[in-house]
Amino acid sequence: MVDFDDRPLRIESAGIESVPVEHRHGHARELFYLWFASNLGILNIVYGAVVASLGLNFWQAVAAIGTGLLTFVIVGILSLPGVRQGSTMMVSSSVVFGRRGNILPTLFSYLTVLGWETALMCVGTLLLTTLFQRLLGFGYLEAVSVSLPVSLAATFVWPIFGHATVSSFQKYASYTFGLLTVPVILFLWPHVDYAFLDSPGAGPGAFVSAVTFIFSGTTLGWVNYASDYSRYLPLGTSEKKVVLYPLIGAFLPLFALSMLGFLLVSREEIASSSNPFLLIGSLMPAWFLAVYYVLGFGMNTSTNIMNAYSSGLNLLLLGLRMPRYRSVWIDAAVSGAGAAFILLSLRSFLGSFESFLSLLGDWAGPWSMVMVVHTLLSGRVRVHGPARPLLSWLIGTAVAFLLSSSPFFTGPLATGIFRNSDAGVLLGSFVSLVLSLVLLGGGGTRRPSSS
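How each quantity is defined
- Residues numbered from 1 in each chain as written.
- Predicted model: local features only at pLDDT ≥ 70, side-chain atom pairs only at ≥ 80, totals over all residues.
- Heavy atoms only, no water.
- Helix = DSSP H or I, 4+ residues; strand = E, 2+ residues; numbered from the N terminus.
- Contact = heavy atoms within 4.5 Å.
- Areas by Shrake-Rupley, 256 points an atom, 1.4 Å probe, with all protein chains shown as cover.
- Salt bridge = Lys/Arg side-chain N within 4 Å of Asp/Glu carboxyl O.
- Buried < 20%, exposed > 50% of the residue type's maximum accessible area, 1.4 Å probe, protein only.
- Lys, Arg positive; Asp, Glu negative; His and termini not counted.
- Polar contact = N/O pair within 3.5 Å; in protein donor to acceptor, adjacent residues only side chain to side chain.
- Expected span 1.5 Å × (residues − 1).
- Phe/Tyr/Trp six-rings, centres within 6.5 Å; stacked < 30°, edge-to-face > 60°.
- 1 Å grid on protein atoms, 1.4 Å probe; cavity = no way out; pocket = protein on both sides within 12 Å on 5 of 7 lines; lining within 4 Å.
- Points joined across faces, edges and corners; volume = space filled by probe spheres on them.
- Nonpolar A, V, L, I, M, F, W, Y, C, P; charged D, E, K, R; others polar.

A look at the overall build of the protein chain
Along the backbone of the protein chain there are 19 helices and 2 strands. Across the protein chain, contacts joining residues at least 24 apart in sequence account for 86% of those joining residues at least 6 apart. When the accessible area of the protein chain is evaluated, it comes to approximately 17,100 Å², of which 69% is carbon and sulfur surface.

Right, here's the structure in full:
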């Protein structure tokens with residue numbers, strides 16, 4: 001029998017089972033801390049630098065970054081099934097796509113989470129590696145061999161305990177890292193390039209690329225496990241708050257740090273560097289360097305523990321037969337091996353990361369649109385079996401892949417405005433949105449509202 005007792009520093013025994021109403025607890029504001037801490041990271045400065053490398057001027061960047069981040073409302077909407085059904089995100093997906101139809105989205109979901117875990121494991125390891133190199137004189141290989149195990153331990157110990165421990169960690173991380181980010185901003189502010197404010201700007205293709213990059217790197221990195229962190233909330237929790245708290249929590253740190261990265265004088269070097277965190281650190285006073293690298297490591301950890309918790313849930317849904325906490329161990333081994341390969345063999349993190357982001361949204365964008373439509377219209381329209389949602393997703397995903405443009409893969413239709421903008425994910429998402437709205441109508445049986 002599953003024990004749904006959910007307390008900090010007590011191993012959560014529940015896996016992908018729906019949480020019964022009598023075991024629900026907490027408040028919607030917990031979602032603010034979860035999404036604030038998980039999006040408070042040094043990597044956001046790199047996001048801004050990448051946007052600057054596209055040639056946008058200040059106001060274009062404000063519009064592009066702001067537009068990209070406002071899509072985080074999708075994460076809030078997809079937190080609603082957790083409250084309504086007490087289930088994880090991909091279990092809620094199986095309600096829409098069917099058990100068999102959900103196998104492919106769940107597989108893509110796990111691969112996406114694993115990719116994020118590995119990428120952020122590289123970030124955490126690079127931050128510690130640079131610290132050991134600069135302050136202790138370690139060589140690169142020596143520093144990586146010490147930093148990677150530390151990064152693995154710091155990331156995966158919290159998800160082993162489970163939901164309540166992760167939630168508590170994120171609350172304290174929001175206060176601690178949020179306050180410590182203030183001196184980082186103050187030390188970087190003198191390096192802002194005010195002359196850049198008068199830049200003539202770039203064309204619509206660059207603007208779309210910037211929006212797509214932010215959309216893929218933020219919103220689409222979280223959509224496939226939004227409900228994982230709302231399923232313990234009591235039935236009847238304000239749905240408006242469930243939607244708004246994730247949006248506000250993510251928007252504040254992402255916008256502030258991305259815009260800071262956009263304005264830095266060294267933005268071009270940061271966007272193309274194999275170790276952008278070293279360049280950012282060079283803008284700090286020498287006495288603050290140790291704090292900067294440790295802070296960056298902590299902020300990165302608060303992001304990656306969310307990935308580590310949800311990846312184990314994805315493995316269980318794919319058929320792994322073992323307790324939830326043991327699935328985290330498997331994920332740690334796979335993620336650690338991937339990070340070691342990138343750091344010791346490729347030596348270039350950012351290029352691989354950008355290529356990964358460019359393909360991330362090709363499945364996640366269309367899938368999230370289907371889920372949004374079914375979440376918002378559940379109980380209000382006639383619905384059908386899983387065939388129509390699956391068709392809507394597959395067509396949108398095919399459109400996105402055909403128009404995709406990245407170093408890993410370039411679709412056969414990625415020409416003209418799609419050659420360098422990777423706007424295929426936006427068009428593919430739109431196609432799935434329209435198809436879902438159209439195919440949801442017509443005959444069928446009305447599903448009772450679960451809210």
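So, unusual backbone geometry
Here Leu9, not a glycine, exhibits a phi torsion of approximately 60°, which is positive. For Leu9, the position within the fold is in the segment before helix H1 (30-38).

Regarding the pattern of salt bridges
Enumeration over the complete set of coordinates arrives at 5 salt bridges. We note a salt bridge from Arg10 to Asp5, for which the minimum N-O separation is 3.6 Å. What makes Arg10 partly exposed here is its relative accessible area of 30%. Arg324 is the salt-bridge partner of Glu12, the closest N and O atoms lying 3.6 Å from each other. Within this pair, whereas Glu12 is found in the segment before H1, its partner Arg324 is found in helix H15 (residues 324-346), the two being separated by 312 residues in sequence. Taken as a pair, Glu12 and Arg324 share a single burial class, namely buried. Residues joined in a network through salt bridges with shared partners are Asp5, Arg7 and Arg10.

Observations regarding the side chain of Asp6
Here Asp6 lies in the segment before H1. Buried Asp6, no salt bridge; nearest opposite-charge side chain is Arg231, N-O distance 7.4 Å. A polar side-chain atom of Asp6 sits 2.9 Å from a polar atom in the side chain of His25. A distance of 2.8 Å separates a polar atom in the side chain of Asp6 from a polar atom in the side chain of His163.

Overview of helix H8 (residues 140-161)
The end-to-end C-alpha distance of H8, which contains 22 residues, comes to 33 Å, matching closely the 32 Å that a straight helix rising 1.5 Å per residue would cover. Taken from the residues just after H8, Gly162 is the one with a positive phi, measuring 120°.

Re the packing of aromatic side chains
Evaluated as defined, the whole model comprises 22 aromatic pairs. A ring pair is formed by Trp35 and Trp222, whose centres lie 5.1 Å apart and whose planes are at 80°; its orientation type is edge-to-face. Remark: Trp222 occurs in the loop between helix H10 (204-217) and helix H11 (239-263) and Trp35 occurs in helix H1; sequence separation between them is 187 residues.

Notes on empty space enclosed by the protein
In the structure shown here, the tally under the stated rule is 4 cavities of 30 Å³ or more. Considering only enclosed or pocket space, the largest cavity measures out at about 200 Å³ in volume. Along the wall of the largest cavity there are 23 residues; nearest its centre are Ser38, Leu43, Asn44, Tyr47 and Thr303. Looking at the lining of the largest cavity, the elements with two or more residues in it are helix H2 (43-53), helix H7 (103-136) and helix H14 (289-317). When residues of the lining of the largest cavity are assigned to their parent elements, the largest contribution, 5 residues, is made by H14. Of the residues that constitute the lining of the largest cavity, the class distribution is 12 nonpolar, 11 polar and no charged.

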